[in-house]
Each structure stands twice: as C-alpha cells, then as structure tokens.
Amino acid sequence: WEVNCMLSLFCIRSSVCSKIMELLGQNKIDHHQRQVAILSQDSFYRVLTPEQKAKALKGQFNFDHPDAFDNDLIVATLWDIMDGKTVHIPVYDFVTHSRKEETVTVYPADVVLFEGILMFYSQDIRDLFQMKLFVDTDADTRLSRRVLRDISERGRDLESVLAQYITFVKPAFEEFCLPTKKYADVIIPRGADNLVAINLIVQHIQDILNGGLTKRLNGCLNGYGTSQKQQSMESSSRPH
C-alpha cells in the first residue's frame, strides 16, 4: 500500500488539521479504515538527559529549538509510512518532559497530514512532502492559544508560560520558524478561521482520495520508489 500524497501542515496548533479531518468525515471512521492520518511533530521530542530534564522542569529548556526534536526518528517514521507500514508513534508527556511507555498506532493511509512548527527547517524532512502548507496566524492569537493550552493541559502557571514565551518561544519563532515560510507551497492566513482556504485543501485531498489527480501530477502522488528515495537522500545534502 503506497501513500498517494503527504501534506505537511505548518501550524502553531493542530486546529487546521482537525478542521480538515472534520470536513472530510475522517473523524467518524475507525482508525484502521481511515484514508487520512495525522502526525504531530510534538510526538517526536528527544528523550532528555537528566540535566536537560532538570532544566525543563524549571522552564529553562528550549523546546522550540530544532535540536529539541528527534529528526532521525521522524525521517525513519515517514519512510515507513511511505512504504505502507503500520507505525508506532511516541507519546510525549509535557508534564514530566519524558516519553510515555505507550505509543499511538498509525495505520497505512492515502494522505498523511504532518503538523508542526519546525517541519520545514530540516531539508531531509521537508523534501519528503509533496505539498507544504504554512498556516500564518497572528502573534497575539498564537500567544493566547499557548497560554490556554499550557495552563489547562500541561499544568503550568501564567507567569512561567509568559516567561518561557519571552525567553524561548518568540525568539525561536523568529529565528527558526518564520524564515521557513519561503519553502511553503501554500500560505493560509488566519488558520482554522480561513474556511475558504481549508475547503480548497479539503477538495484537493478528496480529489487525491478519488484518484482524480494521480495521472496528472506525474509521480507527485505516486509514492516513492527506490530511485526516488535515493534522489531525495542526495538532495538532502544540499545546504539550507
């Protein structure tokens, strides 16, 4: 089972992915039968050393730096998905800053949505995607969502959330995240509120699922063969 297309969603939160899944009706389908799967970069945070974990518990570790992610595991997972394999995705505990013992199983799908704020930073990763979407959200909106999420889901207080935002999140966004906007094929302003853009993406995915684009897009939707994989590996050696 070859993956027909992989779409990378570059977003601060997974709200756009969730809206796409809702409009496609995939949320009502059993995980074994879904044609569209979602992966999140947040699942692939590195296992921290004791020293790094101590810093994380004090809010002094930069989780928004590219080095915070296990890119080798991301690449290996994506190749397994494109080979039609069932994969087991790590579950990261943001309260203890460690990986849980359990994993999430992702079954072969026709379309994969991969969301994350630094998905375009590594060329090894971004070269694997046939379509790259940058969700451009207002800075105040990003901050408010982060505050609500970290307080309600990760047990943090307002002061620590704001301190982390000023110290790590905002500088990292400007240095590592925003510059990768140039790699996007499509830029979506206003995130999940932009229903016109989301409906266009949904229609594109439906065309893929219906097989209507397969012949027209010359290999973009036909998965990766051995030669294509080698070409991608060679191109990934180019500097940013």
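Residues numbered from 1 in each chain as written. Predicted model: local features only at pLDDT ≥ 70, side-chain atom pairs only at ≥ 80, totals over all residues. Heavy atoms only, no water.

1. Brief notes about the environment of Ser144
Link 1 in the chain: Along the polypeptide, Ser144 turns up in helix H5 (residues 139–153).
Link 2 in the chain: Polar contacts involving the side chain of Ser144 include one to the main-chain carbonyl oxygen of Thr141, which spans 2.9 Å. (Helix = DSSP H or I, 4+ residues; strand = E, 2+ residues; numbered from the N terminus. Polar contact = N/O pair within 3.5 Å; in protein donor to acceptor, adjacent residues only side chain to side chain.)

2. A word on the pattern of salt bridges
Link 1 in the chain: In total, this model carries eleven salt bridges according to the counting rule given.
Link 2 in the chain: Note that Asp80 is salt-bridged to Lys85, the shortest N-O span being 3.6 Å.
Link 3 in the chain: In this structure Asp80 comes out as partly exposed when scored by relative accessible area, which is 29%.
Link 4 in the chain: Looking at Lys85, the relative accessible area reads 43%, which means it is partly exposed.
Link 5 in the chain: Where salt bridges share partners, they join Asp64, Arg146, Arg149, Asp150, Arg154 and Arg156 into one cluster. (Salt bridge = Lys/Arg side-chain N within 4 Å of Asp/Glu carboxyl O. Buried < 20%, exposed > 50% of the residue type's maximum accessible area, 1.4 Å probe, protein only.)

3. Description of unusual backbone geometry
Link 1 in the chain: Phi at His97 takes a positive value of approximately 60 degrees, unusual for a residue other than glycine.
Link 2 in the chain: The phi torsion at Arg190 lies on the positive side, around 70 degrees, for a residue other than glycine.
Link 3 in the chain: Mapped onto the elements, Arg190 comes out in the loop between strand E7 (186–189) and helix H7 (195–209).

4. Thoughts on the packing of H5 against helix H6 (residues 158–177)
Link 1 in the chain: Look at H5 against H6: their axes get within 11 Å of each other, and the N-to-C directions meet at 135 degrees. In terms of their interaxial angle, H5 and H6 are classed as oblique. Judged by the twist between their axes, the crossing of H5 over H6 is right-handed. In this structure, H5 uses Ala139, Arg142, Leu143, Arg146, Val147, Asp150 and Ile151 to contact H6, whose residues at the interface are Leu158, Val161, Leu162, Gln164, Tyr165, Val169 and Phe173.
Link 2 in the chain: Of the residues assigned to the contact of H5 with H6, the class counts are ten nonpolar, one polar and three charged. (Axes fitted to C-alpha atoms, helices over the stretch in contact; angles between N-to-C directions. Parallel < 35°, antiparallel > 145°, perpendicular 65-115°, else oblique. Left-handed = near helix turned anticlockwise from the far one by under 90°. Contact = heavy atoms within 4.5 Å. Nonpolar A, V, L, I, M, F, W, Y, C, P; charged D, E, K, R; others polar.)

5. Points about the confidence of the model for the protein
Link 1 in the chain: When pLDDT is averaged along the protein, the result is 83, and 82% of the positions lie at 70 or above.
Link 2 in the chain: Ignoring residues within four places in sequence, the model shows residues 1–5, a span with pLDDT below 50, making 27 contacts including any to other chains. (pLDDT = per-residue confidence, 0-100.)

6. Points about the packing of aromatic side chains
Link 1 in the chain: Under the counting rule described, the total for this entry stands at ten aromatic pairs.
Link 2 in the chain: Between Tyr45 and Tyr92, the ring centres sit 5.2 Å apart and the planes meet at 50 degrees, which makes this aromatic pair tilted. Here Tyr45, found in the loop between strand E2 (36–40) and helix H2 (50–57), pairs with Tyr92, found in strand E3 (residues 87–93); they are 47 residues apart in sequence, far enough to count as distant. An identical accessibility class is assigned to Tyr45 and Tyr92; each is buried.
Link 3 in the chain: Through a chain of ring-to-ring contacts, three or more aromatic side chains come together here, namely Tyr45, Phe61, Phe63, Phe69, Tyr92 and Phe94.
Link 4 in the chain: In this structure, Arg142 is placed above the aromatic ring of Phe173, and the distance from its NZ or CZ to the ring centre is 3.9 Å. (Phe/Tyr/Trp six-rings, centres within 6.5 Å; stacked < 30°, edge-to-face > 60°. Lys NZ or Arg CZ within 6 Å of the ring centre and 35° of its normal.)

7. A look at a nonpolar patch on the surface
Link 1 in the chain: Judged by side-chain polarity, Ile151, Leu158 and Leu162 come together as a nonpolar surface patch covering roughly 230 Å² of accessible area.
Link 2 in the chain: Looking at where Leu162 falls in the secondary structure, it is placed in helix H6.
Link 3 in the chain: Using a relative accessible area of 32% as the deciding quantity, one classes Leu162 as partly exposed. (Patch = residues over 30% accessible without salt bridge, like charges linked within 9 Å, V, L, I, M, F, W, Y side chains within 5 Å. Areas by Shrake-Rupley, 256 points an atom, 1.4 Å probe, with all protein chains shown as cover.)

8. Quick word on the nonpolar core
Link 1 in the chain: Counting residues in each nonpolar core, the largest one holds 22 residues, and the members touching the most others are Leu39, Leu78, Phe114 and Ile125.
Link 2 in the chain: With six residues, helix H3 (residues 71–82) is the single largest residue contributor to this core.
Link 3 in the chain: Apart from the residues within four sequence positions on either side, Ile125 is in contact with Asn71, Ile74, Val75, Leu78 and Met119. (Core = buried A, V, L, I, M, F, W, Y, C linked by side-chain atoms within 4.5 Å.)

9. Remarks on the environment of Lys100
Link 1 in the chain: Relative to the helices and strands, Lys100 is located in strand E4 (residues 98–106).
Link 2 in the chain: Given a relative accessible area of 38%, Lys100 falls into the partly exposed group.
Link 3 in the chain: Along the backbone, Lys100 and Pro90 are ten residues apart, and their C-alpha atoms lie at a distance of 7.3 Å.
Link 4 in the chain: Non-local contacts of Lys100, meaning those with residues more than four positions away in its chain, are made with Val91 and Asp93.

10. A closer look at the side chain of Thr137
Link 1 in the chain: Positionally, Thr137 belongs in the loop between strand E6 (131–136) and H5.
Link 2 in the chain: With relative accessibility at 10%, the residue Thr137 sits in the buried group.
Link 3 in the chain: Thr137 has contacts with Arg142, Arg145 and Gly191, leaving out every residue within four places of it along the chain.

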